[in-house]
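Tertiary structure, described
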Amino acid sequence: MKKDSYTVAIAGATGMVGQEMIRILEERDFPVKELRLLASERSAGTELNFRGEKLKVGALSEETFDGVDIGLFSPGASVSAVYAPKAAEAGCIVIDNTSYFRMDPDVPLVVPEVNSHAIVDFRKKGIIANPNCSTIQLVLVLKPIHDAAGVKRVVVSTYQAVSGAGKEAVEELSQQVRDLFNLREVEVKVFPKRIAFNCIPQIDVFLEDGYTKEEAKMMNETKKIMEDDSILVSATTVRVPVFNCHCESVNIETERKLTPQEVREILSEAPGVVVMDDPSKGVYPTPLDASERDEVFVGRIREDRTIPNGINLWIVADNIRKGAALNAVQIAEILIRDYL
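My aim in this report is to walk through the structure given alongside it, one point at a time. Within every chain, residues take consecutive numbers counted from 1 along the sequence as written. Restriction of local features to residues with pLDDT of at least 70 applies here, the model being predicted, together with a cutoff of 80 or more for giving and counting side-chain atom pairs; totals for whole chains, interfaces and linings are based on all residues. Side-chain descriptors were evaluated using all non-hydrogen atoms of the structure, hydrogens and water having been removed beforehand.

1. As for the pattern of salt bridges
A pair can form between side chains of opposite charge whenever their charged atoms are brought close. Salt-bridge detection follows one rule: a side-chain nitrogen of Lys or Arg within 4 Å of a carboxyl oxygen of Asp or Glu. If you walk through the whole model with that rule in mind, you get 25 salt bridges. A salt bridge links Lys322 to Glu113; its shortest N-O distance comes to 3.0 Å. Of this pair, Lys322 sits in helix H9 (residues 321-338) while Glu113 sits in helix H3 (residues 112-115); the two residues are 209 residues apart in sequence, bridging distant segments of the chain. A relative accessible area of 1% places Lys322 in the buried class. Judged by its relative accessible area of 23%, Glu113 falls in the partly exposed class. One salt bridge in this structure joins Glu171 and Arg178, with 3.1 Å as the shortest N-O distance. Relative accessibility thresholds used throughout: buried, under 20% of the residue-type maximum; exposed, over 50%; partly exposed, between the two (1.4 Å probe, protein chains only). On the accessibility criterion, Glu171 (40% relative accessible area) is partly exposed. Taken together, the shared-partner salt bridges connect Glu20, Arg23, Glu27, Arg28, Asp294, Arg321 and Glu333 into one network. Starting at the N terminus, helices and strands are each numbered in turn, a helix being any DSSP run of H or I of at least four residues and a strand any DSSP run of E of at least two.

2. Some thoughts on helix H4 (residues 133-149)
Its 17 residues place the ends of H4 25 Å apart at the C-alpha level, agreeing with the 24 Å of an ideal helix rising 1.5 Å per residue. At any given residue, the bend is defined as the angle formed between two axes, one fitted to the seven residues that end at that position and one fitted to the seven that begin there. If you look at H4, its biggest bend is around 30°, right at Val139. Burial within H4 is extensive, with 14 of its 17 residues counted as buried. With a side-chain oxygen lying 2.8 Å from the backbone nitrogen of Ser134, the N-terminal cap of H4 falls on Asn132. Gly150 occupies a position one or two residues after H4 and carries a positive phi of about 75°. Given a helix with a known number of residues, its expected span is that number minus one, times 1.5 Å. Throughout this description, a polar contact denotes any pair of N or O atoms lying within 3.5 Å of each other; where both atoms belong to protein, one of them has to be capable of donating a hydrogen while the other can accept it, and for residues adjacent in sequence the pair is counted only when both atoms sit in side chains.

So this is what it looks like as structure tokens:
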């Protein structure tokens, strides 16, 4: 018999994504019977609000998943590697926001507006992977274009906010700005170089081929979600001194020619996408437009005149919300609607 409500656990509840998950469960009135908030021993005992009540955060352990129906995980890849399989063994279906399981062939990698049909494969391991935040906003735009004209090649350059690196990164940018304005020495801890008033073309570690791990995630995850290994993807990921929302400059080569107006029309009908594209009137998306919004915003749609079938466009989305927490909750909504 189908349940009316579910026991939900959030692993990594005190982090930026974890706290956003709590807010979104409440905003979308997810049928939560019991919410268990879990984090490291260091964060255990913290109190967080949910539906007008203060809930105490418990320490993450194997026993905490007994009786849990759905686990929303964002505790870091090394923690998910240990606890996600243990939670699944206890009968909890895990929706994991870390990178650990994304390329596992037995774990579906899901963006609900793009490949919700893949959720059924959770039965293999009891785990569903949430993609990289930059990948999510990219594939929401690529999928309808691919369906209409066939995407051959994508070149993407990202402008990624510091919130993507967590609370410590947000505080580092804030502190560095204050220190610079007060003529104090600037301390660098989170990022490889000073982030205030700077751009850093390195997110995560460099791999042998010269790409970073973040770039490799985007390239590999895009093919898996789009279910088409023939799509060529090249990425350059850059950290910029913006607190929230990732931006992407994207060049797309298609099999069939599309005019900019056709792309606007296609994307205007795409689920989860908002077209903001009238540069003559100063209309195009920025992080301030996308912050705390569910949608992915697209503008600067124009023809690439250097190739026969090319389009350039600009994508902006809230990386903590749609790029992480909301996507996970949307997966959970489909899970309880169609599979539980």
